[in-house]
Amino acid sequence: MTDATYIDQQANPHRFKNALLRAGLYAMLVLFALYYLMPLFVMVVTSLKSLDEIRTGSLLGLPREIDVSAWGTAWSGACTGIQCEGLQPYFWNSVLIAVPAVFISTVLGAFNGYVISQWRFKGSNIIFALMLFGCFVPFQVVILPMAILLGKMGIAGSITGLIFVHVIYGLGFTTLFFRNYYISIPVELVKAALIDGAGFFRIFWSVFLPLSAPIVVVTVIWQFTQIWNDFLFGVSFSQAGTQPITVALNNIVNSTTGVKEYNVDMAAAIIAALPTLLVYVVAGKYFIRGLTAGSVKG
Amino acid sequence: MTTPILSITNLYKNYGATEVLKEINVAIEPGEFLVLVGPSGCGKSTLLNCIAGLEAITSGGINIDGRGMVGVSPKDRDIAMVFQSYALYPTMTVAKNVTFGMKVRGIDAATQQSKLDEVAKLLQIEPLLNRKPGQLSGGQRQRVAMGRALVRDPKLFLFDEPLSNLDAKLRVEMRTQIKKLHHTLNASIVYVTHDQIEAMTLATKIVVMKDGIIQQIGTPDEIYNNPANMFVASFMGSPSMNIIPAKAKANGSGVKVIIERAEGEPLKLRDANGISGIANGEEREIMIGLRPENITNPTAQASADVQVANCKVDVVEPTGSDTFVTTHLGGKEITARMNADTRVRPGESMNFAFDLSKASYFVPDTGERLN
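This structure is a prediction, so every number in the text was calculated from the model and none was measured. (Residues numbered from 1 in each chain as written. Chains lettered and ligands numbered in written order. Predicted model: local features only at pLDDT ≥ 70, side-chain atom pairs only at ≥ 80, totals over all residues.)

Visitor: Honestly, the confidence of the model for chain B in this entry has me stumped. Any pointers?
Guide: It should be kept in mind that the predicted coordinates are not to be read in detail where pLDDT is low. Of all residues in chain B, 98% have pLDDT values of 70 or greater, and the mean over the chain is 90. Predicted complex, confidence summary: ipTM 0.82, pTM 0.80. (pLDDT = per-residue confidence, 0-100.)

Visitor: Is there a simple way to explain the environment of V44 of chain A in this structure?
Guide: Residues and elements named next belong to chain A. Topologically, V44 is positioned in helix 1 (residues 3-47). Given 14 C-beta atoms within 10 Å, V44 falls into the partly exposed group. Residues V44 and I270, spaced 226 residues apart in sequence, show a C-alpha to C-alpha distance of 7.8 Å. (Helix = DSSP H or I, 4+ residues; strand = E, 2+ residues; numbered from the N terminus. Buried ≥ 20, exposed ≤ 12 C-beta atoms within 10 Å, placed from the backbone.)

Visitor: Quick question: what am I supposed to make of the environment of A340 of chain B here?
Guide: Residue and element names in this part refer to chain B. Following the sequence through the fold, A340 ends up in the loop between strand 19 (332-339) and strand 20 (349-355). It is 6.3 Å that separates the C-alpha atoms of A340 and G320, two residues lying 20 residues apart in sequence. Residues in contact with A340, not counting those within four places in the same chain, are P318, G320, S321, D322 and T323. (Contact = placed C-beta atoms within 7 Å.)

Visitor: When you look at the pairing of strand 14 (residues 283-290) of chain B in this model, what are you seeing that I'm missing?
Guide: Two faces, one strand: in a regular strand the side chains alternate between the faces of the sheet. Residue and element names in this part refer to chain B. Pairing between strand 11 (residues 242-251) and strand 14: eight bridges, direction antiparallel. The residue of strand 14 that forms the bridge with K249 is E283. Here three bridges tie strand 14 to strand 21 (residues 360-362), and the two strands are oriented antiparallel to one another. Following the sheet pairing, I288 is matched in strand 21 by Y361. (Pairing = 2+ DSSP bridges.)

Visitor: Whenever I open this one, the sheet that holds strand 3 (residues 33-37) of chain B confuses me. Can you help?
Guide: Each strand in a sheet pairs with its neighbour through backbone hydrogen bonds, running either in the same direction (parallel) or in the opposite one (antiparallel). Residue and element names in this part refer to chain B. Strand order in this open sheet of six strands is 6-7-8-3-9-10, and the pairing throughout is mixed. The open sheet has two edge strands with one neighbour each: strand 6 (79-82) and strand 10 (213-218). Put simply, the sheet's adjacent strands are angled 15° from each other on average, direction ignored. Judged from the four bridges that link them, strand 7 (residues 156-160) and strand 8 (residues 189-193) form a sheet pairing that is parallel. Bridge pairing in strand 8 links F159 to Y191. Helix 4 (residues 138-150) rests against strand 6 and strand 7 of the sheet, and its axis sits at about 175° to strand 6. (Axes fitted to C-alpha atoms, helices over the stretch in contact; angles between N-to-C directions.)

Now the structure itself:
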């Protein structure tokens, strides 16, 4: 008999056991995936049903007839209090808040991280610790002082005010991300660049920023999700016309009188969640890569 | 007299209350290869960073080509540096790495290209120019790092343990290449290493440091044959110098050296040259330093300085070219460098020939040299 057959016979019981374990693993994963997908499924099917069908049919049943009118209503016709313009204007408010706030907090965080990790100065550790502390300050604590500050600055209730709040609140996180990423870069790189004649900003721009793609992705996803999903700051520091989509969604769901339009509510909720979902789908794999990038030296 | 390319006078460097460099005075002429050597933590890299301007000095002066360097930023010192980790810019290609400095200094593209070509040819990195540092081997990265320094054509090159991240074989190759470069370019170089073999092979001048203090400055030959103190004696050379406690008695022109032994008679040797630190008739405790190659097999044509004694062998280590034989003298382990064909087993006795013409003598408590 050849050796190969012998090895085959030896391996067989192990192989069977392995396959069984693997099957169990997949079954478990599929089960959990289904469990977590269930709410989304209910939301999607409900948003595609007519009100009649929602009232008579089952929660989990597929729509007998696909009816997309709820989506149209949610986008441009649903009432938030006295106005009936749908989510559309608030969606754009959220975009106007999130995009600049993400951009500014990411740039500032990168810069802070660069200074704290590569240009140690007296007290740089204390400053970093204080910024880190900022990550753990609960939202509720800042609301009153922030309201006063925004009033004094003359940007209370404006989009600018909300951008300001999100930049300040996000700075602790973005600084932490970039600092931890840059700390693994040997200080010799800065020394080499100094001898090459590059200055403080040139080194940041030419050496550090090009290195930062993975951590930029992480920071952008994190900040975008935080800012887009924020409700408390949005409801506290906005006024009619500057409310973000989360506040508008709440108003649509809570302020309808008469018949509750579940299909419109569901469609509106999906619309409000869509951008963050999209960000994860598009950049998710970079997110994981970026999270582990700090530990793997290039 | 020419202006020294680098002169350091009375340099002190403190971190808070800790003095890391004390009273450093060194000068090198153009074309010299200065090696700073010492155990880790001796301040050699700090000194190099001070020369580069990457660390501020506490007091004293650094002149490069006669120009005072206090308050001058690294880029204006006309230096180039090669780092231990190579410190290549990870996102730039090899070509961009090499030309980055010229680009920053605003040198025109044509000059950049011609300098790049020149250096790439010299270091044989032409096929690598479009790769990123991540795609290079250790030796290739090392060459690129040197290329980045070479294009600058500086007054002074600074090397910070450039070979310590390479494997043994490559290290020897690169060592030779650095030596060749020094000859062809006639460059002035300051080189930091903890490897005493690198120091011996590369340097025209060696500075041995310990605890932030210069122990000795000299040519490799001076450092090896006339170490200024016991630290230098034991740090330089491999296997290191045997340092044996002994009693010295000066009479007439020579000195009698008596070494106690665990078993048998004390070993009595005579150094006909005398020891300058011991007056005639004086008797005192000393430490005698003998390199392994000065304790060998007895040969027929021995000079008057060579004396033979029978000693018990503890360990035998054949290396191929030599056989190192260990014995005990004066309570210390002694290594002798014997011929490769020496056949002896541990526990046996054999004749050792001691050549005192190359011996160093030290004061036991201070470690200073006597002769």
